[in-house]
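Chains, contacts and geometry: an overview
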Amino acid sequence: MRPNARAAGSLRILYHISDSLGILVKEMTFLKFFHKKSDPPAYRRIHLMDELRGFAVFCMVFYHAFYTLSFLLNWQWCKDLLNFFRPAEPWFAGLFIFISGIASNLSRSNLKRGVRLLAVALVVSAVTILVVPSEPIYFGILHLLSVAMILVGLTKKWLDKVPAWIGLTVCAAGFLFTMYIYRGFLGVASIPLIPLPRSWYTTDWLMPLGIYSPSFFSSDYFPIFPWLFVFLGGTILGRFASQGKFPAFTYRSRIPPLAFLGRHALVVYVLHQPIIYGIGMLIQFFMR
């Protein structure tokens, strides 16, 4: 499958990272389940967001297991499950990216985090190109998150001056306007409004922006457009995290195993796919 299908949100193979906390909502006086405090409280862990993140990790691990086993062992039941869960991929991708944007409000330096993550992303690219040349990763979710963190680190003081409702509206409009950029136009969802030069789509130099040639392939592909707007939407909404404005019910722990997965998301992201791939290789070896 070409990356044009993944541009709407494909959580493919290998090394996904999201250094994140959770979905934060602005405190409104007309919502009775929100609480106000005259002074922002010391930070408390938002257990509900850990649990949501853990659930997303759980789904990601199983999805990649189906993908890897169907690829290595050609098991039909894995292919069937893979196809069954494929429509959920854009939602998992959006959740990871959105909560990463929220977490950018809780970082001492998004610029430093972004640079470090970019280094990791480049290593992942090099490893996949050299070790698994049939499944290269040129601009995956790590690349996207690192670029987004760097951009937020450089512009945060200006972003914070934008009213939340305006920022969220612009992000939603920007996502819809650019979500089909890979088809050669900008528009309202799939309705073309501004055609882009066809010459742009004869090269892969613009692939970080969502513009690439027909021969381009990346097993994990999350271009800057439209996904940057999801991250920025999380950044704008997440500014209220540092102000202590959050529904009281979100601090209660309900499903500790999922919360544990959420708190250790980084380790799971880095290790789950190599482990799954190794298990698949062992099964393949003993089935010969």
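Note that the coordinates shown come from a computational prediction; the quantities given were computed from them, not determined experimentally. (Residues numbered from 1 in each chain as written. Predicted model: local features only at pLDDT ≥ 70, side-chain atom pairs only at ≥ 80, totals over all residues. Heavy atoms only, no water.)

Our focus in this paragraph is the packing of aromatic side chains. Evaluation of the coordinates by the stated rule reveals 15 aromatic pairs. A ring pair is formed by Phe84 and Phe85, whose centres lie 5.2 Å apart and whose planes are at 85°; its orientation type is edge-to-face. Among the residues examined, Phe84 registers a relative accessible area of 60% and is labelled exposed. Look at Phe85 and you get partly exposed, because its relative accessible area is 34%. With a centroid separation of 5.7 Å and 70° between ring planes, the pair formed by Phe175 and Trp227 is classed as edge-to-face. Residue Phe175 is located in helix 7 (residues 164–178), and its partner Trp227 is located in helix 8 (residues 224–237); the two are separated by 52 residues in the primary sequence. For Trp227, a relative accessible area of 2% corresponds to the buried category. An aromatic cluster of at least three residues, connected via ring pairs, comprises Phe58, Phe62, Phe66, Phe84 and Phe85. Residue placement shows Arg198 over the ring face of Tyr201; its charged tip is 4.9 Å from the ring centre. (Phe/Tyr/Trp six-rings, centres within 6.5 Å; stacked < 30°, edge-to-face > 60°. Buried < 20%, exposed > 50% of the residue type's maximum accessible area, 1.4 Å probe, protein only. Helix = DSSP H or I, 4+ residues; strand = E, 2+ residues; numbered from the N terminus. Lys NZ or Arg CZ within 6 Å of the ring centre and 35° of its normal.)

Summed over the entire model, instances satisfying the criterion amount to three salt bridges. With its nearest N and O atoms 2.7 Å apart, the salt bridge here joins Asp50 to Arg53. Of this pair, Asp50 and Arg53 both sit in helix 2 (residues 47–73), three residues apart, roughly one helical turn. Neither residue differs from the other here; Asp50 and Arg53 are each classed as buried. Of the charged contacts in the structure, one is a salt bridge between Lys156 and Asp160, with a shortest N-O distance of 2.8 Å. (Salt bridge = Lys/Arg side-chain N within 4 Å of Asp/Glu carboxyl O.)

Soluble globular proteins tend to bury their nonpolar side chains together. Val57, Phe96, Ile97, Leu145, Phe222, Trp227 and Phe231 are the most contacted members of the largest nonpolar core, which has 43 residues in total. For this core, the secondary-structure elements that each account for two or more residues are helix 2, helix 4 (89–103), helix 5 (110–131), helix 6 (141–159), helix 7, helix 8 and helix 10 (265–286). (Core = buried A, V, L, I, M, F, W, Y, C linked by side-chain atoms within 4.5 Å.)

A cluster of nonpolar side chains, Val123, Val127, Ile129, Leu130, Val131 and Tyr138, forms an exposed patch at the surface whose accessible area comes to about 550 Å². Here Ile129 is to be found in helix 5. (Patch = residues over 30% accessible without salt bridge, like charges linked within 9 Å, V, L, I, M, F, W, Y side chains within 5 Å. Areas by Shrake-Rupley, 256 points an atom, 1.4 Å probe, with all protein chains shown as cover.)

What follows is about the pairing of strand 2 (residues 191–195). Counting buried positions over the five residues of strand 2 gives zero, only a small fraction of the element. Counting the residues that bridge the hairpin from strand 1 (residues 185–188) to strand 2 gives two residues, and of these Ala189 lies at a positive phi of roughly 55°. (Pairing = 2+ DSSP bridges.)

Let's shift gears to the side chain of Ser70. With respect to the element layout, Ser70 can be found in helix 2. Residue Ser70 is classed as buried on the basis of its relative accessible area of 9%. Polar side-chain contacts of Ser70 include one of 2.9 Å to the backbone oxygen of Phe66. Those residues in contact with Ser70, other than ones at most four positions away along the chain, are Trp75, Cys78, Lys79 and Leu82. (Polar contact = N/O pair within 3.5 Å; in protein donor to acceptor, adjacent residues only side chain to side chain. Contact = heavy atoms within 4.5 Å.)

This part is about the packing of helix 2 against helix 9 (residues 256–263). Where helix 2 contacts helix 9, the axes come no closer than 6 Å and their chain directions differ by 80°. One finds that helix 2 runs roughly perpendicular with respect to helix 9. Packed against helix 2, whose contacting residues are Asp50, Glu51, Arg53, Gly54, Phe55 and Phe58, the element helix 9 presents Leu258, Ala259, Leu261, Gly262 and Arg263 at the interface. Its residues assigned to classes, the contact of helix 2 with helix 9 comprises five nonpolar, two polar and four charged. (Axes fitted to C-alpha atoms, helices over the stretch in contact; angles between N-to-C directions. Parallel < 35°, antiparallel > 145°, perpendicular 65-115°, else oblique. Nonpolar A, V, L, I, M, F, W, Y, C, P; charged D, E, K, R; others polar.)

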